[in-house]
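Each chain, letter by letter, is given below.
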Amino acid sequence: MKLTEKVAVITGGANGIGLAASELFAKEGAKVAMVDFDEVSGVEKASELRSQGLTVEFFQVDVSSEESVHAVMERIAAKWDGIDILINNAGITRDAMLHKLSSSDFKRVLDVNVNGVFYCTQAVVPYLVEKGKGKIINTSSVSGTYGNVGQTNYAAAKAAVIGMTKTWAKELGRKGINVNAVAPGFTETSMVASVPEKVIEQMIAMVPMQRLGKPKDIANAYLFLASDDSDYVNGTVLHVDGGIMM
Ligand SMILES: NC(=O)c1ccc[n+]([C@@H]2O[C@H](COP(=O)([O-])OP(=O)(O)OC[C@H]3O[C@@H](n4cnc5c(N)ncnc54)[C@H](O)[C@@H]3O)[C@@H](O)[C@H]2O)c1
C-alpha cells in the first residue's frame, strides 16, 4: 500500500473525481477526510466506504469560507494527529460566453476555485511543515492551460491554480513539501453531465485515446503525486487528458 497511515484531506471528495480519490486513497491505507459542501452525498458515500472497512470521515465545509476552512482543518488534524496530504480538488463551473457572463458568476467561480485553494493550502501547510514532509496537489484543467469557449471564469481560475502551484513549489520545497497540479481533460462526472451528447461526441473525436476520462484516471494521478513515488516531482502540471492537448 502506498499511503499507509497517511492523513489525506480531499476537498470535493463527496462526488466525481474526489470521490474516486477518496476510495483509492483509503484503499491504499490513508485516513481520508472527505471535505465537501454536499452533505447528503458526503455522509452517504463516507458511510459506504467505512462499511468496506476503510477509514473515511466526511466534513462539511464551503471551501470559499476562510473561517470554516481553518476550523475544519484544525478538527481533522486534532482527530488524526496532523495532516500529510492535501488534494485541492473542489471546483465549480458557471459557464457563459463573455458577453453573457455575469460578474457574480465570474466572482463565484474564482471564490471557490481560487480562493478556496488558497484558504485550504494556507490552513494545511503548518501541519505539513510540522511533519517535515507533505504533498499538495491542486486540480487545474485543460481550460486553464489552453482556454475554452464559454469558460472565461473557469479558465482564469484554473490558470491561477497553476500559478499558485508553481509559486508554492518554490516556497515550500525546502520544507519537504511537494506541490504539483493535475490538469484533467473532459472527465465523466456531473461537471460534464449537462453537456449535450453531440458535443460529447465531438470532444471524444478530438481525444487520441478516443474516450472521456474516468474519475479513476484522475485519482490515479493524484495517488502518484501524493505517494513517496513522486518525492522529486515538484511544481509540475500533470496533464491527464488522453492527449487532447499537446
Ligand atoms: N469533470 C471534468 O471534465 C473536469 C475537467 C477538468 C478539471 N476538472 C476539475 O476536477 C475537480 C473535480 O471535479 P468533478 O468533475 O469531480 O466535479 P463534481 O461536480 O463531480 O465534483 C466537485 C465536488 O466539489 C464540491 N464542491 C463544489 N463547490 C464546493 C465548495 N464551495 N466547497 C466544498 N466543496 C465544493 C461539490 O460538492 C462536488 O462534490 C474540479 O476542480 C474540476 O474543476 C474536472
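Residues numbered from 1 in each chain as written. Predicted model: local features only at pLDDT ≥ 70, side-chain atom pairs only at ≥ 80, totals over all residues. Heavy atoms only, no water.

Q: In this structure, what is going on with the packing of helix 1 (residues 16-27) against helix 9 (residues 215-226)? I would like to understand it.
A: The geometry of a pair of packed helices is captured by two quantities: the angle between their axes and the separation between those axes. One can describe the packing of helix 1 onto helix 9 by two numbers: an axis separation of 8 Å at closest approach and a directional angle of 55 degrees. Classified by the interaxial angle, the pair formed by helix 1 and helix 9 is oblique. Note that helix 1 runs across helix 9; the crossing there is right-handed. Where helix 1 abuts helix 9, its residues Gly16, Ile17, Ala20, Ala21, Leu24 and Phe25 lie against Pro215, Lys216, Ile218, Ala219, Asn220, Tyr222, Leu223 and Ala226. Considering only residue class, the contact of helix 1 with helix 9 consists of eleven nonpolar, two polar and one charged. (Axes fitted to C-alpha atoms, helices over the stretch in contact; angles between N-to-C directions. Helix = DSSP H or I, 4+ residues; strand = E, 2+ residues; numbered from the N terminus. Parallel < 35°, antiparallel > 145°, perpendicular 65-115°, else oblique. Left-handed = near helix turned anticlockwise from the far one by under 90°. Contact = heavy atoms within 4.5 Å. Nonpolar A, V, L, I, M, F, W, Y, C, P; charged D, E, K, R; others polar.)

Q: Explain the packing of aromatic side chains to me, please; I cannot follow it from the model alone.
A: To describe a pair of aromatic rings, one takes the distance between the centres and the angle between the planes. The final tally for this structure, using the stated rule, is one aromatic pair. Here the aromatic rings of Phe118 and Tyr119 are separated by 5.7 Å at their centres, their planes lie at 50 degrees, and the arrangement is tilted. Its relative accessible area of 13% is what places Tyr119 among the buried residues. (Phe/Tyr/Trp six-rings, centres within 6.5 Å; stacked < 30°, edge-to-face > 60°. Buried < 20%, exposed > 50% of the residue type's maximum accessible area, 1.4 Å probe, protein only.)

Q: Quick question: what am I supposed to make of the site of the ligand here?
A: Residues in contact with the ligand amount to 29 residues; listed here are only the nearest, Asn15, Asp36, Asn89, Tyr154 and Thr189. Within the contact set of the ligand, a nitrogen atom lies 3.4 Å away from a backbone nitrogen or oxygen of Val61. Asp62 places a side-chain nitrogen or oxygen 2.8 Å from a nitrogen atom of the ligand. Surface burial for the ligand is 93%, taken as the share of its 820 Å² of free accessible area covered by protein chains. (Near = heavy atom within 4 Å. Polar contact = N/O pair within 3.5 Å; in protein donor to acceptor, adjacent residues only side chain to side chain. Areas by Shrake-Rupley, 256 points an atom, 1.4 Å probe, with all protein chains shown as cover.)

Q: Help me out: how do you make sense of the nonpolar core in this one?
A: One recurring pattern in soluble globular proteins is that nonpolar side chains are buried together. In terms of nonpolar packing, the biggest core is built from 38 residues, with Val9, Met73, Ile76, Ile83 and Ile136 touching the most fellow members. Listing elements by their share of this core, those giving two or more residues are strand 1 (7-11), strand 2 (31-36), helix 3 (66-80), helix 4 (103-131), helix 6 (152-172) and strand 6 (177-184). With residues up to four places along the chain from it excluded, the contact list for Val9 reads Ala33, Val35, Met73, Ile76, Ile83, Ile85, Leu86 and Ile87. Ranked by size, the runner-up nonpolar core spans 30 residues in total, among them Ala8, Ala21, Met34 and Val56. (Core = buried A, V, L, I, M, F, W, Y, C linked by side-chain atoms within 4.5 Å.)

Q: Explain the pairing of strand 1 to me, please; I cannot follow it from the model alone.
A: Among the five residues in strand 1, five count as buried, and that is most of the element. Along strand 1, one buried face is formed by Val7, Val9 and Thr11 and the opposite face, lined by Ala8 and Ile10, is buried too. By the bridge criterion, five bridges tie strand 1 to strand 2 in an arrangement that is parallel. Directly across from Thr11, in strand 2, lies its bridge partner Val35. As judged from the three bridges shared by strand 1 and strand 4 (residues 85-88), these two strands associate in the parallel manner. (Pairing = 2+ DSSP bridges.)

Q: What exactly am I supposed to notice about helix 2 (residues 39-50) here?
A: The end-to-end C-alpha distance of helix 2 is 16 Å, a good match for the 16 Å that twelve residues give at a rise of 1.5 Å each. Within helix 2, burial applies to Ser41, Gly42, Ala46 and Leu49. Taken end-on, helix 2 shows its buried residues confined to a sector of 120 degrees, consistent with a single buried face. In this structure, the buried side of helix 2 is in contact with helix 1, strand 2 and strand 3 (56-60). The backbone nitrogen of Val40 lies 3.3 Å from a side-chain oxygen of the residue at the head of helix 2, namely Asp38. (Expected span 1.5 Å × (residues − 1). Arc of directions from axis to C-beta.)

Any link to function would need more than the numbers given here.
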